[in-house]
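# Secondary and tertiary structure notes
Spelled out, the chains give:
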Amino acid sequence: MNKLTEKVNSRRTFAIISHPDAGKTTITEQMLLFGGIIRNAGTVKARKSGHYATSDWMEIEKKRGISVTSSVMQFEYDNKRMNILDTPGHQDCSEDTYSTLMAVDAAVMVIDSAKGVEPQTKKLFKVVKKRGIPIFTFMNKLDRDGRDPLDLTAELEDLLDIECVAMNWPIGMGKQLKGLYDLANKRVELYRHEDDSDRFLPLNEDGTLDNNIALSHDSLFESTLADIELLKEAGNNFDLDKILRGDQTPVFFGSALANFGVETFLKSFVELAPAPKEHELIDNTTIAADDDEFSGFVFKIQANMNPNHRDRIAFIRIGSGEFQKGMDVTLARTNKVIRLNNATEFMSSSRVQVSEAVAGDIIGLYDTGNFQIGDSIYAGKKKIEYPELPQFTPEIFMRVTAKNVMKQKSFHKGMTQLVQEGAVQLYRGYATDDYILGAVGQLQFEVFAFRMKNEYNSEVELTSLGGRVARWINPDQLDPKMSSSRNLLVKDREGEPLFLFENSFAERWFKDKYPDVELTSKL
């Protein structure tokens with residue numbers, strides 16, 4: 001095995017997905033704790049103490065206690081390099097999350113054991129499932145009273161259409177939580193224990209505990225044994241091939257806040273999750289992760305990660321080969337050659353200069369406006385281009401103007417940079433050239449206005465156009481007279497025309513009137 005293959009095989013690049021408040025950022029913090037990156041975990045909502053979660057770096061996130069952008073963090077654990085992407089759980093932050101899910105090799109799905117599968121989890125799960133990557137499930141908040149574990153796993157199978165295989169099982173929950181019955185490691189992990197030496201109790205061959213252990217006579221333990229019997233008889237068998245294809249999910253229970261079950265989960269994850277694999281390219285060929293040619297793609301752009309420096313970072317997922325500081329790469333979209341002198345790795349808002357990185361790693365490149373989301377870069381003579389990242393059709397639209405006409409310069413700069421990040425999509429009136437923003441949810445407009453004011457010193461006026469149905473039209477078929485108050489004619493950033501229909505009724509009316517006109521949507 002050559003050195004590059006060895007390095008690539010030690011990488012684990014994954015995203016954490018969940019519904020808001022399921023405990024996703026807290027589990028991220030606990031992982032960083034095990035990686036020796038932070039000394040104590042700050043839960044998301046510790047606002048009064050000024051003790052914020054490491055992965056929530058943006059000012060608005062600290063104030064509201066929710067993740068609205070995807071953070072990237074790296075740490076070493078068990079001789080593996082972990083690249084962890086913490087995605088926003090908030091239902092409005094879709095675009096950023098979806099492109100992030102294109103940059104990972106596995107996903108960790110965090111579910112609140114009191115609530116089960118929630119809408120945002122379902123939405124994100126569909127994107128991950130489509131990619132056919134492994135999904136590991138962590139049923140969180142076991143230290144609170146929750147739903148029956150058998151109900152939770154049955155719901156997971158029914159709603160998400162995926163097989164579950166239990167890796168451990170709760171012994172009680174909430175105030176009565178005693179521990180976890182660890183099927184994978186054939187032991188019991190105690191919830192309350194004096195020190196690490198008595199944290200685990202070995203199970204006998206028949207799956208019971210020794211008689212002299214008090215827990216073995218506890219009715220909660222007996223109830224867990226009955227569940228285990230049922231799982232062995234009627235449950236799914238562990239199948240690594242199915243897991244790697246994304247057809248079976250290993251289910252772990254625990255509490256991120258109490259740091260219970262997280263280490264066991266992390267150890268199993270490192271063992272079972274895949275190293276970076278080959279990537280499909282736009283010409284239907286593939287490139288191996290340990291190919292000598294360096295290549296990668298931009299999955300996220302973030303301006304002002306450091307407000308003192310007013311910088312702009314393009315996040316690159318390395319798809320193949322090895323990055324070396326000072327190397328020359330070609331930007332596939334423009335064929336422009338760029339020298340990569342300045343690259344960073346991340347610990348949330350802290351950054352370190354990186355001199356080398358390999359396939360699977362995420363690096364940040366300081367960007368002066370060269371990059372767009374979805375761009376491919378490569379170092380060799382042969383062009384390497386990755387498929388386009390999915391774009392989503394916005395559902396809510398706002399007209400935007402600068403409050404202060406004298407500040408047009410900072411208004412245009414802020415607008416350009418935030419649109420390039422993919423937080424909102426920009427449209428112009430077809431005849432009037434006025435600015436219209438589109439987003440998947442309301443929160444994205446709040447984030448836009450907040451950042452325009454705080455980062456670009458430009459207050460904006462947003463006028464709602466409400467929910468609209470966006471449909472692109474073939475330019476050859478377009479007659480501007482087709483436009484009316486019920487279907488606004490606008491153009492996107494590439495100058496392509498589209499209609500914003502007032503509702504689906506207006507769209508149907510248009511189709512009836514112009515049956516030969518072809519209308520299309522994004523994802």
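Structural notes, computed from the coordinates. (Residues numbered from 1 in each chain as written. Predicted model: local features only at pLDDT ≥ 70, side-chain atom pairs only at ≥ 80, totals over all residues. Heavy atoms only, no water.)

Here we take up the overall build of the chain. In terms of helices and strands, the chain carries 12 helices and 31 strands. Per-residue burial over the chain gives 56% buried out of 523 residues. The long-range share in the chain, meaning contacts at least 24 apart out of those at least 6 apart in sequence, stands at 69%. Surface accessibility of the chain: about 23,200 Å² in total, with carbon and sulfur atoms responsible for 46%. (Helix = DSSP H or I, 4+ residues; strand = E, 2+ residues; numbered from the N terminus. Buried < 20%, exposed > 50% of the residue type's maximum accessible area, 1.4 Å probe, protein only. Contact = heavy atoms within 4.5 Å. Areas by Shrake-Rupley, 256 points an atom, 1.4 Å probe, with all protein chains shown as cover.)

Counting 62 residues, the largest nonpolar core has Leu156, Val188 and Phe299 as its most contacted members. Counting 27 residues, the second-largest nonpolar core is a separate cluster that includes Ile16, Met82, Val262 and Phe269. (Core = buried A, V, L, I, M, F, W, Y, C linked by side-chain atoms within 4.5 Å.)

Moving on, we come to the sheet that holds strand E30 (residues 497–501). Pairing is antiparallel in the open sheet, where eight strands are placed in the order E27-E24-E26-E25-E29-E30-E28-E31. Each having just a single partner strand, strand E27 (460–467) and strand E31 (519–520) make up the two edges of the open sheet. One ladder, built from two bridges, connects strand E25 (residues 425–429) with strand E29 (residues 487–491); its direction is antiparallel. The residue of E29 that forms the bridge with Arg428 is Lys491. Its contacts with the sheet place helix H10 (residues 408–420) against strand E24 (396–402), E25, strand E26 (435–439) and E27, and it is angled at close to 150° to E24. This element, helix H11 (residues 442–456), spans E24, E26 and E27 of the sheet and lies at about 15° to E24. (Pairing = 2+ DSSP bridges. Axes fitted to C-alpha atoms, helices over the stretch in contact; angles between N-to-C directions.)

Summarising burial for strand E17 (residues 327–331): four of the five residues are buried, a large majority. Across five bridges, the pairing between E17 and strand E18 (residues 336–340) is antiparallel. By the bridge assignment, Thr330 is partnered in E18 with Val337. Between the antiparallel neighbours E17 and E18 lie four residues, among them Asn335 with a positive phi of about 65°. Across two bridges, E17 lies against strand E23 (residues 376–378) in antiparallel orientation. Residue Thr330 lies in a different strand from E23, and its bridge partner there is Tyr378.

Following the criterion strictly, the structure yields 25 salt bridges and no others. In this structure, the salt-bridge partner of Arg11 is Asp361, at a minimum N-O distance of 2.9 Å. Taken together, the residues Arg11 in strand E1 (residues 11–18) and Asp361 in the loop between strand E21 (356–358) and strand E22 (362–366) connect sequence positions 350 residues apart. Neither residue differs from the other here; Arg11 and Asp361 are each classed as buried. (Salt bridge = Lys/Arg side-chain N within 4 Å of Asp/Glu carboxyl O.)

The next subject is the sheet that holds strand E8 (residues 179–182). Consider a sheet: its strands pair through backbone hydrogen bonds, and that pairing is either parallel or antiparallel. The antiparallel open sheet is built from four strands, whose spatial order is E7-E8-E9-E10. At either end of the open sheet lies a strand with only one pairing partner, and these are strand E7 (168–171) and strand E10 (200–202). Between one strand axis and the next, the sheet turns by 25° as a mean value, whatever way the strands run. In this structure, E7 lies alongside E8, joined through four bridges in antiparallel fashion. Pairing of Pro170 across the sheet is with Leu180, part of E8.

Take the packing of H10 against H11 next. Here H10 crosses H11 at 125°, and the two axes come no closer than 10 Å. Comparing their axes, H11 and H10 come out oblique. Along this stretch, H10 crosses H11, giving a crossing that reads as right-handed. Contacts between H10 and H11 involve Ser410, Phe411, Gly414, Met415, Gln417 and Leu418 on the former and, on the latter, Phe448, Arg451, Met452 and Tyr456. Across the contact of H10 with H11, the residue classes break down as six nonpolar, three polar and one charged. (Parallel < 35°, antiparallel > 145°, perpendicular 65-115°, else oblique. Left-handed = near helix turned anticlockwise from the far one by under 90°. Nonpolar A, V, L, I, M, F, W, Y, C, P; charged D, E, K, R; others polar.)

What follows covers the packing of aromatic side chains. Aromatic rings in a pair are described by how distant their centres are and how their planes are angled relative to each other. Evaluated as defined, the whole model comprises 17 aromatic pairs. On the basis of an interplanar angle of 80° and a centroid distance of 4.9 Å, the ring pair of Phe252 and Phe265 is categorised as edge-to-face. Placement of Phe252 in strand E11 (residues 248–253) and of Phe265 in helix H9 (residues 262–272) is noted, with a sequence separation of 13 residues between them. The two residues Phe252 and Phe265 agree in class, both being buried. Measuring from ring centre to ring centre gives 5.8 Å for Phe499 and Phe501, while their planes differ by 45°; the resulting arrangement is tilted. Judged by its relative accessible area of 0%, Phe499 falls in the buried class. Among the aromatic residues, those joined into a ring-pair cluster are Phe14, Phe136, Phe138, Phe252, Phe265 and Phe269. Of note, Arg187 hangs over the ring of Phe200, and the distance from its end group to the ring centre comes to 3.7 Å. The lysine or arginine in question, Lys300, covers the ring of Phe315, its NZ or CZ lying 5.3 Å from the ring centre. (Phe/Tyr/Trp six-rings, centres within 6.5 Å; stacked < 30°, edge-to-face > 60°. Lys NZ or Arg CZ within 6 Å of the ring centre and 35° of its normal.)

The next subject is helix H12 (residues 504–513). All of the buried residues in H12 are Ala506, Glu507 and Phe510. The buried residues of H12 occupy an angular sector of 100° when projected down its axis, which confines them to one face. H12 presents Arg508 and Asp512 as exposed residues on the side facing more than 90 degrees away from its buried surface. Capping the start of H12, Asn503 holds a side-chain oxygen 3.2 Å from the backbone nitrogen of Phe505, two or three residues further along. (Arc of directions from axis to C-beta. Polar contact = N/O pair within 3.5 Å; in protein donor to acceptor, adjacent residues only side chain to side chain.)

Between its first and last C-alpha atoms helix H7 (residues 219–234) spans 23 Å; for 16 residues at 1.5 Å apiece the expected length is 22 Å, and the two agree. Residues Leu220, Phe221, Thr224, Asp227, Ile228 and Leu231 constitute the buried set of H7. For H7, the angular spread of buried residues about the axis comes to 115°, placing them on one side. Structural note: H7 exposes Ser219, Glu233 and Ala234 on the side pointing more than 90 degrees away from its buried face. On its buried face, H7 sits against helix H6 (149–160), strand E6 (163–166), E7, E8 and strand E9 (187–190). The distance from a side-chain oxygen at the start of H7 to the backbone nitrogen of Leu220 is 2.8 Å, and the residue carrying that oxygen is Asp218. (Expected span 1.5 Å × (residues − 1).)

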